[in-house]
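Close look at the chain arrangement
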Amino acid sequence: MATLDKAGLRGLGGAGFPTFKKWHFVRQEPGPRYCVINADEGEPGTFKDRYHLEKSPHQFLEGALISAWAVEAKALYIYLRDEYPGLRRVLSEAIGELVQAGLVAPGYIVLRRGAGAYICGEESALIESLEGKPGKPRHRPPYVAQQGLFGCPTLVNNVETVYWIAPIWQQGAEWFAGQGRHSRSGLRSFSVSGRVKYPGVYLAPAGITLRELVDKYCGGMAAGHQLAGYLPGGASGGILPASKADIPLDFDTLQAHGCFIGSAAVIVLSQQDNLQAVATNLLAFFADESCGQCTPCRVGPEKMLTLLERADWDVGQLTRLAQVMQDASICGLGQAAPNPVLGLLKDFRGELAQQQIIVSDAPEASAKGSST
């Protein structure tokens, strides 16, 4: 744990919680304990976990087993995205090799298929699904580190998080921590898509800027496209304009701008993209993927979608609805769904006007005067 602390390894599925602290919290709870690896890669724009599982399944399994060993887990569960059937074969064969070599007991590693629900990327919803129930987030506390799988303390880590454990052990905490840029530490896997010349997964220093990432790793913008904006953390991570392309891409650097890095799913937009289409596509996704457990998340994205489909965007209505969703939704889906819309209202007024979208700050007509 001290090595992970010195390396600065954080959860790379989105939340960025220090890995050694999560291990410590689970370890101090009474057993039996479980370890769960979240391979339900559902955030739009992210495909890094698939890349690592395809290229280095044994390195991933080594890190997962070290995690399970660290908390003395009774069993190790891998919750794999159902849209990755090829990876199920890859992992099944790799697990079989470990069993045959006598490195793990038969049945210790349990490979489970997800049901294709975005919400099951949230750790408590994932655990509900593992238990055979509908994947809906739990109210917290208690946290899954206290009462998780089958009511026992449970360590939940992301694929990329455990992917780095073996290299950190082999090359040292200082090696990993020293890889960052702009006062950040470590390496990150960036899933880059959109209007770049070479989309793909790129291992780059934490804290690299969007401009550096696109120019150095992606070959620049695609022919005929100019940078207009980008989503730094997938659908839920918000949206930033080209003028903010020099902000370090890492945890704790984007929050001041209403965004977060999340799973580092970077989606690059150009002047040829229709911003209204971007916004409605994102909100349609959230509306479809809501589990429906809480009203703000069940109703909010659908209501916001109808407002965004209009040619006149009412800032008052959109911001009040966003506030309700952020304050009252049970989990991160409803809380983060308004992020890209708020980003557009904040930084893209001119671009929206050019695309014939009227952004109105005037009070709603229904609020004027008294009703009869």
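Residues numbered from 1 in each chain as written. Predicted model: local features only at pLDDT ≥ 70, side-chain atom pairs only at ≥ 80, totals over all residues. Heavy atoms only, no water.

**Considering the overall build of the protein**
Tallying secondary structure elements over the protein gives 16 helices and 11 strands in all. Taking 2.2 N^0.38 as the reference for a compact globule, 372 residues should give roughly 21 Å; the C-alpha atoms of the protein span a radius of gyration of 21 Å, in line with that estimate. Judged by the C-alpha coordinates and their principal axes, the protein covers about 75 × 50 × 35 Å. In the protein, which comprises 372 residues, the proportion classed as buried is 54%. For the protein, restricting intrachain contacts to residue pairs at least 6 apart in sequence, the fraction spanning at least 24 positions comes to 67%. Summing over all exposed atoms, the protein offers an accessible surface of approximately 16000 Å²; the carbon and sulfur share of this is 51%. If the 34 positive side-chain charges of the protein are averaged to one point and the 36 negative ones to another, these points end up 2 Å apart. (Helix = DSSP H or I, 4+ residues; strand = E, 2+ residues; numbered from the N terminus. Rg over C-alpha atoms; globule rule 2.2 N^0.38 Å. Buried < 20%, exposed > 50% of the residue type's maximum accessible area, 1.4 Å probe, protein only. Contact = heavy atoms within 4.5 Å. Areas by Shrake-Rupley, 256 points an atom, 1.4 Å probe, with all protein chains shown as cover. Lys, Arg positive; Asp, Glu negative; His and termini not counted. Charge placed at Lys NZ, Arg CZ, Asp CG, Glu CD.)

**A few points about unusual backbone geometry**
In this structure, P32 follows G31 across a cis peptide bond, with omega equal to 0 degrees. Structurally, P32 is set in the loop between helix 2 (19-27) and strand 1 (33-39). A cis amide bond, omega 0 degrees, links P141 with the succeeding residue P142. Mapping P142 onto the fold places it in the loop between helix 6 (123-130) and strand 4 (154-158).

**A few points about the confidence of the model for the protein**
Here the protein averages 94 in pLDDT, while 97% of its residues score no lower than 70. Across residues 365-372 the pLDDT falls below 50, and counting only partners more than four positions away or on other chains, this stretch makes one contact in the model. (pLDDT = per-residue confidence, 0-100.)

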